Amino acid sequence: MNAWSTENTEEFEARLRSIGEKRYHHLHPFNERMHAGSLTEEEFRGWVRNRFYYQVNLPVKDAFILTKLPGRDDRRRWIRRIIDHDGRTGDEGGLEKWVRLGEAVGLTREQLFDDDTVLPGVRFAVDAYVDFCRRRPWLESVASALTELFAPDLLSRRITDVEHHYPWIAPDGLDYFRARLTQQPKDIAHLLDLVLGHAKSREQQDACARALEFKCDVLWSLLDAVQLAYGKSS
């Protein structure tokens, strides 16, 4: 790789990271209130319940992306995402861990899987994301998942802050976040390999940046809906 290509790649990665610094949902007022310890039990339950609709659709969007990836090695790496969420025989996945979080905040499995109780705004945002990954080229779909670049710090804070501010939540309810801390490094590395390795033209890079901005908007809109239904106006 020549000097121009290396510099260009570094600039592109910096551009992607700057999007998250400005638009990732860690800045949303509802998230800030969660980490400050000011959510009521009803608010926390509302978030867990509606975020589950996002969680249950992650392996669906990953399956759409899987069908479009151009190489066998990348498909082998990507399929681990589906297994991490859905699990397999004898190996609990992320969805079951999120069910435990739901039970820890007072929700039943039946309530979590009842799609009729999902807020319309959450349903709209999540369905739009799944449809984006179904319709758009694989590179843009993969780039939309780059919000994972900004997740590890938030997950670490979430574990610490929830344990501190919400002692009524059983510790094993946070197992989903603990598991993602060990799973995400390999997922992030693969995302960067794919996007930085294939987005070479300015047109491709712009499309990837727009895809990441769109995903940030999805996550922000999800919290907007939850805050409107359960939270405070500020």
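As the structure is a prediction and not an experimental result, all values here were calculated from the model.

Parameters and conventions
Residues numbered from 1 in each chain as written. Predicted model: local features only at pLDDT ≥ 70, side-chain atom pairs only at ≥ 80, totals over all residues. Heavy atoms only, no water. Patch = residues over 30% accessible without salt bridge, like charges linked within 9 Å, V, L, I, M, F, W, Y side chains within 5 Å. Areas by Shrake-Rupley, 256 points an atom, 1.4 Å probe, with all protein chains shown as cover. Salt bridge = Lys/Arg side-chain N within 4 Å of Asp/Glu carboxyl O. Lys, Arg positive; Asp, Glu negative; His and termini not counted. Charge placed at Lys NZ, Arg CZ, Asp CG, Glu CD. Helix = DSSP H or I, 4+ residues; strand = E, 2+ residues; numbered from the N terminus. Buried < 20%, exposed > 50% of the residue type's maximum accessible area, 1.4 Å probe, protein only. Contact = heavy atoms within 4.5 Å. pLDDT = per-residue confidence, 0-100.

Draft legend 1. A negative patch on the surface, seen in detail. A cluster of acidic residues, Asp114, Asp115, Asp116 and Asp127, forms a negative patch on the protein surface. Relative to the helices and strands, Asp127 resides in helix H7 (residues 120-135).

Draft legend 2. Looking closely at helix H2 (residues 29-36). Among the residues of H2, those classed as buried are Phe30, Asn31, Arg33, Met34 and His35. Against the buried residues of H2 lie helix H3 (41-66), helix H9 (151-165) and helix H11 (202-230). Phi for Gly37, located one or two positions after H2, is positive at around 85°.

Draft legend 3. The arrangement of the confidence of the model for the chain in detail. Per-residue confidence for the chain averages 93 on the pLDDT scale, and 96% of its residues sit at or above 70. Under a pLDDT of 50 for its full length, residues 1-7 has, in the predicted model, three contacts with residues more than four places off or in other chains.

Draft legend 4. Quick peek at the side chain of His85. Structurally, the position occupied by His85 is in helix H4 (residues 72-86). Contacts of His85, omitting those with residues within four sequence positions, involve Gln55, Leu58, Pro59, Asp62, Gly93, Gly94, Leu95 and Tyr176.

Draft legend 5. Structural detail: the pattern of salt bridges. Inspection of every chain in the model, using the stated rule, returns 23 salt bridges. With its nearest N and O atoms 3.8 Å apart, the salt bridge here joins Lys186 to Asp84. With a gap of 102 residues between them, Lys186 in helix H10 (residues 175-198) and Asp84 in helix H4 connect regions that are remote in the sequence. By relative accessible area, Lys186 is classed as partly exposed at 29%. By relative accessible area, which is 17% here, Asp84 ends up buried. Two residues, Arg135 and Asp131, come together in a salt bridge whose shortest N-O distance is 2.7 Å. In this pair, Arg135 and Asp131 both sit in helix H7, four residues apart, roughly one turn of the helix. Here Arg135 falls in the partly exposed class, since its relative accessible area comes to 49%. A relative accessible area of 26% places Asp131 in the partly exposed class.

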